Amino acid sequence: MENQSFKHKKNHKEFDLFTREYLNNPELFSDIFNAVLFNGENKIDKNKLYDTSQIDVFNDIEKDKHLIRERDLIKICKSDGN
């Protein structure tokens, strides 16, 4: 029998990966946030989105490993002032 805690963590991790991949698409990102934040008005231009996501690398000396952690998905939208 699979440990329920492990199963929950695995499902959560898979959902996080799916969400990150989905929102990493500029067209989908702009569509979602324009719909939610601006009632569908096109304020976020997919062509003006820039990714500023952060990747951290940690050294685990005890396990002789390098751990790579991707942090939150962060986007910047360059605006012409409008």
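Please read these numbers as outputs of a predicted model, since none were measured by experiment.

**Side note on the overall build of the protein**
Alright, step 1. Along its length, the protein carries 2 helices and 4 strands.
Alright, step 2. By the burial criterion, 11% of the 82 residues in the protein qualify as buried.
Alright, step 3. For the protein, long-range pairs separated by at least 24 residues make up 35% of all intrachain contacts whose partners lie at least 6 apart in sequence.
Alright, step 4. Carbon and sulfur atoms provide 51% of the accessible area of the protein, an area that totals close to 7,400 Å².

**What to know about the pairing of strand 2 (residues 55–60)**
Alright, step 1. Sheet topology note: the strand 2/strand 3 (residues 65–70) ladder contains 6 bridges and is antiparallel. The residue of strand 3 that forms the bridge with Phe58 is Leu67.
Alright, step 2. Taking the residues that link successive antiparallel strands as the turn, the strand 2-strand 3 hairpin has 4 residues, and the phi of Asp64 there is positive, at about 50 degrees.

**What to know about unusual backbone geometry**
Alright, step 1. Its identity is not glycine, yet Asn39 carries a phi of approximately 50 degrees, on the positive side.
Alright, step 2. Relative to the helices and strands, Asn39 is located in the loop between helix 2 (26–38) and strand 1 (49–51).
Alright, step 3. Residue Asn39 is classed as exposed on the basis of its relative accessible area of 76%.

**Quick look at the pattern of salt bridges**
Alright, step 1. Evaluated as defined, the whole model comprises 1 salt bridge.
Alright, step 2. A salt bridge links Glu41 to Lys43, with the shortest nitrogen-to-oxygen separation between them at 3.9 Å.
Alright, step 3. Relative accessible area serves as the criterion here: at 48%, Glu41 is assigned to the partly exposed category.

**Here we look at the side chain of Ser30**
Alright, step 1. Along the polypeptide, Ser30 turns up in helix 2.
Alright, step 2. Ser30 gets classed as buried once you look at its relative accessible area, which sits at 4%.
Alright, step 3. If we ignore the near neighbours within four places in the chain, the residues touching Ser30 are Ile44, Lys46 and Leu49.

**Focus: helix 2**
Alright, step 1. Listed as buried for helix 2 are Phe29, Ser30 and Asn34. Looking straight down helix 2, one finds that the buried residues subtend no more than 120 degrees of arc, so they occupy a single side.
Alright, step 2. By the N-cap criterion, in which a side-chain oxygen at the helix start approaches the backbone nitrogen of a residue two or three places on, helix 2 is capped by Asn25, the distance to Glu27 being 2.9 Å.
Alright, step 3. Just downstream of helix 2, Asn39 is the residue with a positive phi angle, here 50 degrees.

Calculation notes
- Residues numbered from 1 in each chain as written.
- Predicted model: local features only at pLDDT ≥ 70, side-chain atom pairs only at ≥ 80, totals over all residues.
- Heavy atoms only, no water.
- Helix = DSSP H or I, 4+ residues; strand = E, 2+ residues; numbered from the N terminus.
- Buried < 20%, exposed > 50% of the residue type's maximum accessible area, 1.4 Å probe, protein only.
- Contact = heavy atoms within 4.5 Å.
- Areas by Shrake-Rupley, 256 points an atom, 1.4 Å probe, with all protein chains shown as cover.
- Pairing = 2+ DSSP bridges.
- Salt bridge = Lys/Arg side-chain N within 4 Å of Asp/Glu carboxyl O.
- Arc of directions from axis to C-beta.
- Polar contact = N/O pair within 3.5 Å; in protein donor to acceptor, adjacent residues only side chain to side chain.

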